[in-house]
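# Geometric and topological summary
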Amino acid sequence: NVESIDLAANNLIGTPPSSLFKLSKLSFLGLQSNPIDFSFYDIESAENLAVLYLYSTKISSLDGIGKGLSLVEVNLRFNNLSGFIPNELSNLINLESLTLSDNKYFGYLGETYDTMLKLRELRLGSNALTGDLPKFNKQTNLQHLDLSGNSLSSTIPAAFLSNNKAPKLTLDLSSNILVGRVPAEVFGRFNQLVIYLRNNMFTGIDQSLCNQSPWNNGDVGNYGCSGLLCPQSTWNEKGRETANSPCVPCDEARYLGSVTCGDSDRVQFNTQSFSGSSALILAKAVIIISPVIGMLFAYV
């Protein structure tokens with residue numbers, strides 16, 4: 001009759017037995033903050049398992065997780081999961097919350113999440129994901145989306161979040177390589193929005209967005225466009241103006257939302273270099289933009 005197991009931060013080691021999944025009434029399994037591996041073998045037997053916390057462990061693979069069809073909330077943050085995000089996650093059509101941030105995933109996001117129509121929260125920040133910003137236009141109640149600290153490189157697509165009807169949205173697109181303008185046709189329909197856009201390569205904001213007084217907890221009402229992104233030729237560490245962080249003049253800050261001021265604009269992001277079947281994950285890359293020598297890549 002066990003319904004909940006919470007063994008977080010107990011210095012557990014090894015791999016928990018798959019017999020855990022035989023507990024027919026188990027709905028919550030929390031093994032986070034233990035140096036354990038984990039196997040999803042026979043997870044389909046846990047027909048009532050809704051919540052699975054495995055963050056800050058030593059889990060090495062998600063093989064088999066796609067059979068956990070009852071899962072509603074999964075948190076796998078702060079692990080060493082790497083490679084492409086597995087396609088079998090698309091089988092988890094009942095998921096409402098998925099956290100894969102602070103891992104080493106790389107490559108294109110693709111359409112893995114198009115089947116997760118119930119998603120309310122999706123956190124993929126601090127990986128090394130590349131390619132275009134996905135549209136996420138299948139979900140209707142997405143309330144928190146974090147794609148920060150990756151290497152997504154495109155404009156914001158017109159269909160981005162086009163079917164989302166959540167009353168309030170928190171969106172973090174900071175520290176990518178997104179370009180172009182921040183479009184009103186995408187964001188203008190949101191009444192309550194907290195949006196982080198700093199440290200990209202944006203060059204414009206549709207002016208109507210600067211009149212959205214409730215956004216960013218009132219900062220847009222107080223500071224206009226600067227409450228979204230610091231103007232060009234200014235910067236601060238947050239990339240936007242707040243009560244305690246004005247945007248400071250800097251001639252070298254060439255993009256909206258700059259978080260540094262120096263000899264050149266810098267966008268920090270994670271990346272990979274491939275050789276045959278192997279992948280070398282580089283901890284951080286810095287794009288250096290110079291009006292004279294163009295674009296250079298330096299790895300640190």
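Residues numbered from 1 in each chain as written. Predicted model: local features only at pLDDT ≥ 70, side-chain atom pairs only at ≥ 80, totals over all residues. Heavy atoms only, no water.

## Quick look at the overall build of the protein
- Along the backbone of the protein there are two helices and 20 strands.
- Taking all 300 residues of the protein together, the buried fraction comes to 50%.
- Long-range contacts, defined as pairs at least 24 residues apart, comprise 41% of the intrachain contacts of the protein with a sequence gap of at least 6.
- Counting every atom, the protein has about 13,800 Å² of accessible surface; 49% of that belongs to carbon and sulfur. (Helix = DSSP H or I, 4+ residues; strand = E, 2+ residues; numbered from the N terminus. Buried < 20%, exposed > 50% of the residue type's maximum accessible area, 1.4 Å probe, protein only. Contact = heavy atoms within 4.5 Å. Areas by Shrake-Rupley, 256 points an atom, 1.4 Å probe, with all protein chains shown as cover.)

## A look at the state of the cysteines
- Counted under the stated rule, the structure contains three disulfides.
- There is a disulfide in this structure between Cys 230 and Cys 247, and the S-S distance comes to 2.1 Å. Judged by the sign of its S-S torsion, about -85°, the cystine formed by Cys 230 and Cys 247 is left-handed. Separated by 17 residues along the polypeptide, Cys 230 in the loop between helix 2 (219-223) and strand 16 (234-235) and Cys 247 in the loop between strand 16 and strand 17 (248-249) bring together distant segments of the chain. Comparing Cys 230 with Cys 247 shows no difference in burial state: the two are buried. (Disulfide = S-S within 2.5 Å.)

## Brief notes about the side chain of Asp 172
- The residue Asp 172 is located in strand 12 (residues 168-172) in this model.
- Buried and unpaired, Asp 172 has no salt bridge, with Arg 198 as the nearest side chain of opposite charge at 4.9 Å. (Lys, Arg positive; Asp, Glu negative; His and termini not counted. Salt bridge = Lys/Arg side-chain N within 4 Å of Asp/Glu carboxyl O.)

## Digging into the sheet that holds strand 9 (residues 128-131)
- Spatial strand order, 5-7-9-11: four strands in an open sheet with parallel pairing. Because the sheet does not close on itself, it has two edges, and the strands there are strand 5 (82-83) and strand 11 (151-152).
- Here strand 9 pairs with strand 11 via two bridges, running parallel. What sits directly across from Thr 130, in strand 11, is Ser 151. (Pairing = 2+ DSSP bridges.)

## Examining the nonpolar core
- Leu 29, Leu 100, Tyr 113, Phe 160 and Phe 187 are the most contacted members of the largest nonpolar core, which totals 64 residues.
- Contributing elements (two or more residues each) for this core: strand 12, helix 1 (184-187), strand 14 (192-196) and strand 15 (201-205).
- Residue contacts for Leu 29: discarding those within four places in its chain leaves Ile 5, Leu 20, Phe 21, Phe 38, Leu 49, Val 51, Leu 52 and Tyr 53. (Core = buried A, V, L, I, M, F, W, Y, C linked by side-chain atoms within 4.5 Å.)

## Remarks on unusual backbone geometry
- Unlike most non-glycine residues, Ser 33 shows phi in positive territory, near 60°.
- Tracing the chain through its elements places Ser 33 in the loop between strand 2 (28-30) and strand 3 (51-53).
- What makes Ser 33 partly exposed here is its relative accessible area of 35%.
- Of note, the phi angle at Phe 136 is positive, near 45°, even though the residue is not glycine.
- Relative to the helices and strands, Phe 136 resides in the loop between strand 9 and strand 10 (144-146).

## Considerations on the sheet that holds strand 14
- Strand order in this open sheet of nine strands is 1-2-3-4-6-8-10-12-14, and the pairing throughout is parallel. Here the strands that pair on one side only, and so sit at the sheet edges, are strand 1 (4-6) and strand 14. Recorded for the sheet is a direction-independent mean angle of 5° between the axes of neighbouring strands.
- Bridge analysis of strand 10 against strand 12 gives three bridges, and the strand direction is parallel. (Axes fitted to C-alpha atoms, helices over the stretch in contact; angles between N-to-C directions.)

## Observations concerning the pattern of salt bridges
- One pass over the full model with this rule turns up seven salt bridges.
- Among the ionic pairs, Arg 181 bridges to Asp 206, the shortest N-O distance being 2.5 Å. You can see Arg 181 sitting in strand 13 (residues 179-182) and its partner Asp 206 sitting in the loop between strand 15 and helix 2, a full 25 residues away along the chain.
- Residue Arg 240 pairs with Asp 219 through a salt bridge whose shortest N-O separation is 2.8 Å. Within this pair, whereas Arg 240 is found in the loop between strand 16 and strand 17, its partner Asp 219 is found in helix 2, the two being separated by 21 residues in sequence.
- Residue Arg 240 is classed as buried on the basis of its relative accessible area of 10%.
- Taken together, the shared-partner salt bridges in this structure form one network comprising Arg 181, Glu 185 and Asp 206.

## Observations regarding the packing of aromatic side chains
- Under the definition given, this model contains seven aromatic pairs.
- Here Phe 84 and Phe 106 contribute two aromatic rings whose centre-to-centre distance is 5.1 Å and whose plane-to-plane angle is 65°, an arrangement assigned as edge-to-face. Highlighted residues: Phe 84 in the loop between strand 5 and strand 6 (97-99) and Phe 106 in strand 7 (residues 104-108), separated in sequence by 22 residues.
- Members of the aromatic cluster, each reached through a chain of ring pairs, are Phe 21, Phe 38 and Phe 40. (Phe/Tyr/Trp six-rings, centres within 6.5 Å; stacked < 30°, edge-to-face > 60°.)

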